[in-house]
Structures are given as structure tokens and as C-alpha cells.
Amino acid sequence: MLNDQLRRVLQQMPKAELHIHIEGSLEPELIFALAERNGVKLAYASVEALRAAYAFTDLQSFLDIYYAGASVLLKEQDFYDMTAAYLKRAEEDNVRHTEIFFDPQTHTHRGVPMDVIINGIYRACQDSPVSATLILCFLRHLSEEDAIATLEAALPYRDKFIGVGLDSSEVGNPPEKFARVFARSRELGLHLVAHAGEEGPPAYIYTALDTLKVERIDHGVRCLEDQALTERLVREQMALTVCPLSNIKLCVFDKMDQHNLLELLDAGIVATVNSDDPAYFGGYMNDNFIATFEALPLGLSHAQRLARNGFSAAFLPAEQKQKFIDEVDAFFAKV
Ligand SMILES: [Zn+2]
């Protein structure tokens, strides 16, 4: 059990969230409210029936429901409301900075225009006291041509997002499938991240690094299967955005006491804690920290290190990063 002091520290410490899919923050209540507002018919009779369907066995079983939930998003105000709800929740968890993933193809394929998506999400970020930037993700189960067309369609709004990422069904869709669109994004000066080594093998982490030239690995927990890769991640101080509750819900680990977060930290990896798809996986930032610290022998020094890692791995100007890290250290000096 967690002692009260550690629980309070985990709740109150300043945090950065670097792995959050905004569509995965849609709570069933908001899905139903938006469905009603937009006249969209859902396959579930009630909020409870929808929530009961969140018993996933793997990544694909989750993605099927995730895409169904996103079908209620049609207008700019819908994207605004979804993002504002997440940012309010993040603020309550003392998240000071967040880099939000969004999946334009989930919406453009349903006929929702790019400007509606980006402007709605961006406007909510502007209105929030939480520092928030956007990362456009390509759906890896679709073709690279589709990703390239998506990037081109988003370029008129280039000032509203800071990077690109790669998400959706990992196995069978290796990073190298997207070599050209990442090269183009790199030319445009965008930051680069990719999901790799969640369900996919360490080989996917290598190609994310070497072919896509990513600056952070999303998940990456399977890196420990490869000693040379682990050493390289440490040497290059390549951050992993680890999502503990997601890993349990999607059966990457059977139980939280088997999660490898402590081993990652002990190996010297810049691991961070994040919520991934909080509405679907049973918790936001503080829930993730508390569940992990309850199950693993982690203490105050790990909490401070994880909080620092979140800001040091963020895509922020050096002074701003240092300001946040100083805030973390000032917080822990008073604990
Ligand atoms: Zn993710």
C-alpha cells in the first residue's frame, strides 16, 4: 500500500504528459452527449453498455471500439469540447505541459474537413492554462500514400502542430513502411515520434530510430528484450513514453506488479509515465502514477525522476524546460 505522503506527492507534483491520444480521452458520457447533439446513432444502448464493452484482449479489440467512439465527432465545437474536457482533467492532475496526439485520418475518412479537426483542438489548447502542443499522428494500418496526403492536407495549419507520430495497429505495420512521410516531415522541421515496441518486437524500435529518425519512442517497453538496444537507448538518452494502465488493459503485461517500469529506470532509460487513452484504460495521469507505485517498489526518488523525465523529454525550448524542471525540484525540496 502507498503511504499518504507518497500518494500526495504523486498527485501534487508538476507533470508533463507526452503520450495522450485526444480521441482516447472521450468519456462515454461525452460520446453520448455528442451523439445526441449531432444525431449520430450509436451501437450501444447506454453509457453503461458502452463502458461495459471496454473489456479488451489486445490492441485491435480496443481500436475497434475507439474508432466507433470517434464517430460522434463532426463539428469544430465537438473537437473543442473533447479537448477542453481532457485539459481540465489534466489540470486537476497537476499536468503543467502536455503534447497531444490527434488522428486526422480517423475523421477525414468520415468526411470531416482538416480545418474543423485542427482548429477545434487547437482553440481548446489556447484557452487552457495548461501548456499544450499538438502532434499529428498517422494511422499505420493505412497506406503511406494516405499518410502523405494527410500531411499535405494539414500543411496550411503547420503553425498549429509541432510534430508527427505513428499509431494504431503496430504488428505487421513496421515503422519503415512510413520512411518517406517521416523524411518529408523532417524536412519541414517537425518533431518526430512513433509507437514502437508495445506489441511489436525490438526490431521496430530499431527502425523507428534508424529509418524514421524519431526523437522519442512511444511505449518501447519491449526494448529490454534486447540488451544492445537497451544500452543504445540509455547512451542516446532516448525517452520512452510508457503508459502503465494501457499496458495492463491491453495485456502487454498480465498484472501491474509485472510491469517493467522499475527495470527501465534501473537500466538508466529516460522513462516517462503517461495515460495513452485515459477514457478507455481506466485512468488519467495521477491514476497511472498511483497504480504503478502501488504495485512496484517505487519511492520518492523515482517519483522525482519520472516527473523530471517528463519535462526533459518534452519538445520545449531549453529555458522553458529548465523552468519546469526547477519547479519539480523545488516541489521535492519541500516534501
Ligand atoms: Zn498510444
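This text gives an overview of the structure that appears in the document.

What counts as what
Residues numbered from 1 in each chain as written. Predicted model: local features only at pLDDT ≥ 70, side-chain atom pairs only at ≥ 80, totals over all residues. Heavy atoms only, no water. Helix = DSSP H or I, 4+ residues; strand = E, 2+ residues; numbered from the N terminus. Rg over C-alpha atoms; globule rule 2.2 N^0.38 Å. Buried < 20%, exposed > 50% of the residue type's maximum accessible area, 1.4 Å probe, protein only. Contact = heavy atoms within 4.5 Å. Areas by Shrake-Rupley, 256 points an atom, 1.4 Å probe, with all protein chains shown as cover. Lys, Arg positive; Asp, Glu negative; His and termini not counted. Charge placed at Lys NZ, Arg CZ, Asp CG, Glu CD. 1 Å grid on protein atoms, 1.4 Å probe; cavity = no way out; pocket = protein on both sides within 12 Å on 5 of 7 lines; lining within 4 Å. Points joined across faces, edges and corners; volume = space filled by probe spheres on them. Donors = N, O, S within 2.8 Å, 3.2 Å for Na, K, Ca; no water. Tetrahedral: all angles 85-135°; square planar, octahedral: opposite > 155°, others 65-115°. Pairing = 2+ DSSP bridges. Axes fitted to C-alpha atoms, helices over the stretch in contact; angles between N-to-C directions. Left-handed = near helix turned anticlockwise from the far one by under 90°. Nonpolar A, V, L, I, M, F, W, Y, C, P; charged D, E, K, R; others polar. Core = buried A, V, L, I, M, F, W, Y, C linked by side-chain atoms within 4.5 Å. Disulfide = S-S within 2.5 Å.

### Thoughts on the overall build of the protein
(1) Moving on: Within the protein, the regular secondary structure consists of 17 helices and eight strands.
(2) Moving on: Since a compact globule built from 335 residues should have a radius of gyration of about 20 Å, the 19 Å found for the protein is in line with a globular shape.
(3) Moving on: The C-alpha extent of the protein, read off along each of the three principal axes, is 50 × 40 × 40 Å.
(4) Moving on: Buried residues in the protein amount to 57% of all 335 residues.
(5) Moving on: Sequence separation of at least 24 residues holds for 77% of the intrachain contacts in the protein that already meet a minimum separation of 6.
(6) Moving on: On the protein, roughly 12,800 Å² of surface is accessible, and the fraction owed to carbon and sulfur atoms is 51%.
(7) Moving on: Across the protein, the centroid of the 31 positively charged side chains sits 3 Å from that of the 49 negatively charged ones.

### Observations concerning empty space enclosed by the protein
(1) Moving on: Under the criterion given, the structure shown has two cavities of 30 Å³ or more.
(2) Moving on: Of the pockets and cavities examined, the largest cavity occupies roughly 120 Å³.
(3) Moving on: Lining the largest cavity are 15 residues, with H21, L59, L63, S168 and H195 sitting closest to its centre.
(4) Moving on: With five residues, the top contributor of residues to the lining of the largest cavity is helix α4 (residues 59-70).

### Looking at the coordination of the zinc ion
(1) Moving on: With distances of 2.1 to 2.3 Å, the protein atoms coordinating the zinc ion are H19 (NE2), H21 (NE2), H195 (NE2) and D276 (OD).
(2) Moving on: In this structure, the zinc ion is surrounded by four donor atoms whose angles at the metal cover 84 to 174 degrees, and the resulting shape is irregular.
(3) Moving on: In terms of primary sequence, the donors binding the zinc ion are separated according to H-x1-H-x173-H-x80-D. With H19 in strand β1 (residues 15-21) and H195 in strand β5 (residues 191-196), the pair connects residues that are 176 residues apart, well separated along the chain.

### Observations concerning the pairing of strand β2 (residues 95-102)
(1) Moving on: Within β2, seven of the eight residues are buried, which leaves it mostly tucked inside the rest of the structure.
(2) Moving on: Pairing of β1 with β2, which is carried by five bridges, proceeds in the parallel orientation. Paired with A16 across the strands is H97, a residue of β2.
(3) Moving on: Pairing of β2 with strand β3 (residues 131-139), which is carried by six bridges, proceeds in the parallel orientation. The residue bridging F102 from the neighbouring strand is L136, located in β3.

### Brief notes about unusual backbone geometry
Of all residues except glycine, most have a negative phi; of all peptide bonds, most are trans.
(1) Moving on: Notably, C251 is not glycine yet its phi reads approximately 65 degrees, a positive angle.
(2) Moving on: Mapped onto the fold, C251 is located in the loop between α12 (244-249) and α13 (261-267).

### Notes on the environment of G165
(1) Moving on: When you line up the elements, G165 lands in strand β4 (residues 163-167).
(2) Moving on: With relative accessibility at 0%, the residue G165 sits in the buried group.
(3) Moving on: Between the alpha carbons of G165 and F138 there is a distance of 6.2 Å; along the sequence they are 27 residues apart.
(4) Moving on: Excluding residues within four positions of it along the chain, G165 makes contact with I135, L136, C137, F138, F182 and V193.

### Description of the packing of helix α5 (residues 76-92) against helix α7 (residues 114-127)
(1) Moving on: Between α5 and α7, the shortest axis-to-axis distance is 7 Å and the interhelical angle comes to 35 degrees. Judged by the sense of rotation from one axis to the other, the crossing of α5 with α7 is right-handed. Of the residues in α7, those in contact with E76, Q77, F79, Y80, T83, A84 and L87 of α5 are V116, I117, N119, G120, I121, R123, A124, C125 and D127.
(2) Moving on: When grouped by side-chain class, the residues that make up the contact of α5 with α7 number nine nonpolar, four polar and three charged.

### With respect to the nonpolar core
(1) Moving on: Counting 108 residues, the largest nonpolar core has F182 and Y280 as its most contacted members.
(2) Moving on: For Y280, the contacting residues outside a window of four places in its chain are E23, G24, L26, I31, Y54, F56, F62, I65, Y66, G69 and K249.
(3) Moving on: I135, C137, V193 and F315 belong to the second-largest nonpolar core, a separate cluster that totals five residues.

### Observations regarding the state of the cysteines
(1) Moving on: Evaluation of the coordinates by the stated rule reveals zero disulfides.
(2) Moving on: There is no disulfide at C223, and the cysteine sulfur nearest it, in C243, is 14 Å away.
(3) Moving on: Here C243 is not disulfide-linked; the sulfur of C137 is the nearest cysteine sulfur, at 12 Å.
(4) Moving on: With relative accessibility at 0%, the residue C243 sits in the buried group.

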